[in-house]
Each structure stands twice: as C-alpha cells, then as structure tokens.
Amino acid sequence: MMNRTVVKWAGGKARLAEALRQYLPAGDRLVEPFAGSCAVMMNMDYPAYLIADINPDLINMYQVIKRDVQGFINSAQALFTTANTPEQYLTFRRVFNHTCADPFNRAVIFLYLNRHCFNGLCRYNRAGYFNVPYGKYKTPYFPEKEIHAFAEKAKRATFICASFEETLGMVSPGDVVYCDPPNLPEEGERIFHQLSHGRIRHAGAVGACRAFACCCRRWQPCNRVKQHSRF
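Since we're looking at a predicted model, the values are computed, not measured. (Residues numbered from 1 in each chain as written. Predicted model: local features only at pLDDT ≥ 70, side-chain atom pairs only at ≥ 80, totals over all residues. Heavy atoms only, no water.)

Trainee: I'm lost on the environment of Gly 12 in this one. Help?
Mentor: Inspection of the secondary structure puts Gly 12 in the segment before helix H1 (17-21). For the pair formed by Gly 12 and Gly 36, sequence separation is 24 residues and the distance between their alpha carbons is 7.1 Å. (Helix = DSSP H or I, 4+ residues; strand = E, 2+ residues; numbered from the N terminus.)

Trainee: When you look at the pattern of salt bridges in this model, what are you seeing that I'm missing?
Mentor: Two side chains of opposite charge can pair, provided their charged atoms sit close to one another. Tallied over the entire structure, the rule returns 6 salt bridges. Lys 155 is the partner of Glu 152 in a salt bridge, and the nearest nitrogen-oxygen pair spans 3.0 Å. For Glu 152, a relative accessible area of 49% corresponds to the partly exposed category. Classification of Lys 155 as exposed rests on a relative accessible area of 60%. (Salt bridge = Lys/Arg side-chain N within 4 Å of Asp/Glu carboxyl O. Buried < 20%, exposed > 50% of the residue type's maximum accessible area, 1.4 Å probe, protein only.)

Trainee: Even after reading the chapter, I still don't get the packing of aromatic side chains, so can you show me in this structure?
Mentor: Any aromatic ring pair is given by two values, namely how distant the centres are and how the planes are angled relative to each other. Under the definition given, this model contains 13 aromatic pairs. Taking 6.3 Å as the distance between ring centres and 80° as the angle between the ring planes, the aromatic pair formed by Phe 96 and Phe 130 counts as edge-to-face. Of this pair, Phe 96 sits in helix H5 (residues 86-98) while Phe 130 sits in the loop between helix H6 (103-116) and helix H7 (144-154), and the two are 34 residues apart along the sequence. Among the aromatic residues, those joined into a cluster by ring pairs are Phe 80, Tyr 89, Phe 92, Tyr 112, Tyr 134 and Phe 142. When the ring centre of Tyr 141 is taken as origin, the NZ or CZ atom of Arg 4, which lies over that ring, is 4.9 Å away. The residue whose ring lies beneath Arg 106 is Phe 96, and the NZ or CZ to ring-centre distance is 3.9 Å. (Phe/Tyr/Trp six-rings, centres within 6.5 Å; stacked < 30°, edge-to-face > 60°. Lys NZ or Arg CZ within 6 Å of the ring centre and 35° of its normal.)

Trainee: For this particular structure, what's the right way to read the packing of helix H4 (residues 69-82) against H6?
Mentor: Packed helices, taken two at a time, are described by their axes: the angle between them and the distance between them. For the pair H4 and H6, the least separation of the axes is 10 Å and the interaxial angle reads 45°. By the angle between their axes, H4 is oblique relative to H6. Relative to H6, the crossing made by H4 is right-handed. Across the interface between the two elements, Gly 71, Phe 72, Ser 75, Ala 76, Leu 79 and Phe 80 from H4 touch Phe 104, Ala 107, Val 108, Ile 109, Leu 111, Tyr 112, Arg 115 and His 116 from H6. For the contact of H4 with H6, the per-class residue count stands at 10 nonpolar, 3 polar and 1 charged. (Axes fitted to C-alpha atoms, helices over the stretch in contact; angles between N-to-C directions. Parallel < 35°, antiparallel > 145°, perpendicular 65-115°, else oblique. Left-handed = near helix turned anticlockwise from the far one by under 90°. Contact = heavy atoms within 4.5 Å. Nonpolar A, V, L, I, M, F, W, Y, C, P; charged D, E, K, R; others polar.)

Trainee: Any chance you could explain the state of the cysteines here in plain terms?
Mentor: What is meant by a disulfide is a covalent connection between two cysteines, made through their sulfur atoms. Within this structure, the stated rule accounts for 0 disulfides. Free cysteine Cys 122: the closest other cysteine sulfur is in Cys 117, separated by 7.8 Å. (Disulfide = S-S within 2.5 Å.)

Trainee: Just to check I follow, could you spell out helix H3 (residues 56-67) for this structure?
Mentor: Along an α-helix, residues three or four apart share an orientation, since each turn contains 3.6 residues. Helix length check: H3 (12 residues) gives 16 Å between terminal C-alpha atoms against 16 Å at 1.5 Å per residue, within 8%. Residues of H3 that are buried: Asp 57, Leu 58, Ile 59, Asn 60, Met 61, Tyr 62, Val 64 and Ile 65. Buried-residue contacts for H3 involve strand S2 (49-53), H4, H5, H6, H7 and strand S3 (157-161). Among the residues of H3, the N-terminal cap falls to Asn 55, whose side-chain oxygen and the backbone nitrogen of Asp 57 are separated by 2.9 Å. (Expected span 1.5 Å × (residues − 1). Polar contact = N/O pair within 3.5 Å; in protein donor to acceptor, adjacent residues only side chain to side chain.)

Trainee: What's the story with the nonpolar core in this structure? I'm lost.
Mentor: Generally speaking, a soluble globular protein has its nonpolar side chains buried in company with each other. Met 61, Phe 72, Leu 111, Phe 150 and Phe 159 are the most contacted members of the largest nonpolar core, which has 54 residues in total. Ranked by residues supplied to this core, first place goes to H6 with 7 residues. Among all residues touching Phe 72, those that are not within four sequence positions of it are Met 61, Val 64, Ile 65, Phe 104, Ala 107, Val 108, Leu 111 and Ile 147. Of all hydrophobic cores here, the second largest spans 8 residues; its members include Leu 50, Ile 160, Ala 162 and Val 177. (Core = buried A, V, L, I, M, F, W, Y, C linked by side-chain atoms within 4.5 Å.)

Trainee: Looking at this structure, how should I read the sheet that holds strand S4 (residues 175-177)?
Mentor: Hydrogen bonds between backbone atoms are what pair the strands of a sheet, whose relative direction is either parallel or antiparallel. Taken in spatial order, the 4 strands line up as S3-S2-S1-S4 in an open sheet, and their pairing is parallel. A single partner strand is all that each edge strand has here, and the edge strands are S3 and S4. Sheet twist, expressed as the mean angle between neighbouring strand axes with direction ignored, is 20°. Across 5 bridges, the pairing between S2 and S3 is parallel. Counted as the bridge partner of Ile 51 is Phe 159 from S3. The strands touched by H3 are S2 and S3; relative to S3, the strand with the most contacts, the crossing angle is about 150°. (Pairing = 2+ DSSP bridges.)

Encoded structure:
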C-alpha cells in the first residue's frame, strides 16, 4: 500500500514506490540528498534515515513535526479550519515572508501554504519570498493521518538542511543512497518551479552526478550502491 506524504510536491515519488524497491538494496541507513516530500522514506523500511534538502522551510517543518507532532497538528488544523479564503491566504503568505521567524509557527504556515497554494508548488522569487498564488480549493485536505505516520517514521530519521555535496560527504559504509535531483528542463524550456531560494542550474545537476559518482567510487567495496542515471 502506498503511504501518502505530508506535503504535496512536484515530482513526488509515492506512486513509484513499488517500482523503486527493486533498485534499493538492504542497508543500515537510507540517505536522501534531495528529500522533497519524503515519499521514498515513507515507503521504504530502513533502520535509519538521513534526510537532506536545501530548502530550509521544508526541513524546518520536518524537524518541528518530529519534536512536537501533536502541537503541530493542533495549530495547523486550526489554521486550516479558519483560513480558507484568498484574502486569508495572502495574509498568511505575507506573514510567512515578512514577519514570521519563529520555527514552530513558520512550520505550521508552510504546511498551510503548501496545501492551499496552486498545485502544491514550492516557489520563491529572487528575494527569497514564497510567491505561489492561491489554489482555489473548496476544502483543502488536512493530512493528519500522514503527519502521524511521518512522525512515527521520523523517530529513526535525522533531518538536515544541506547541499547534496555536504550530504553525500556524510555517507558511510552500509548506507543506501537514493539520489534523485530535480528535473532539468528541455532545451529552451523555462523552469517554472524553484524548489529552494536558488535556481536549478545545469551546472548544479552535473555537480550532483559527479558527487554521486565520487560517493560510489569511495564506497564501492561495500557493494551497496546501484547506479541508475537518467542524465
């Protein structure tokens, strides 16, 4: 059975979980340098997980849920119940971008924005402000069951805000690495969504391939890494 994720996410892998299992061998820890929705973590069973992403808002939310799942659910559910208009959405987006520095409140609003914005996109402008418009959903889904399931799995996980180079540098013998960088656009195609405050660049994707290849060479004697590149 597919386990759904806390957030909606472009390129999420929940529906591909069954197919991915044949490529992920047994190991001591699953390492994900590009966490996104954590669909792979939620649909695989490893003793431990190292989950990384360069989006600080995403990682902060995961850390908050791990620390205080019930407090997070109570606050987020209240927001979902009382703020379902375009005007309220824009108000909380403005608060998120300009005045909300508290990690807990920022995590709650991040989930609210993700579930109320257009198509669950996560996009920031050049100034680092979340700028996805309102999604016009009649009744946005509140993922309470998914949050509880995530919190349970998170007991075995470490969440870090780090680049893929930093994350791959933490790989140890016995680890299994699932490395799935954001898709590159076709030639001439405009990149619409930005997964962090920075742009997705071709050089970054090439760097991910090189860093992963280096990681494979470093731990090849462990025979735990299967390489399947789409580049």
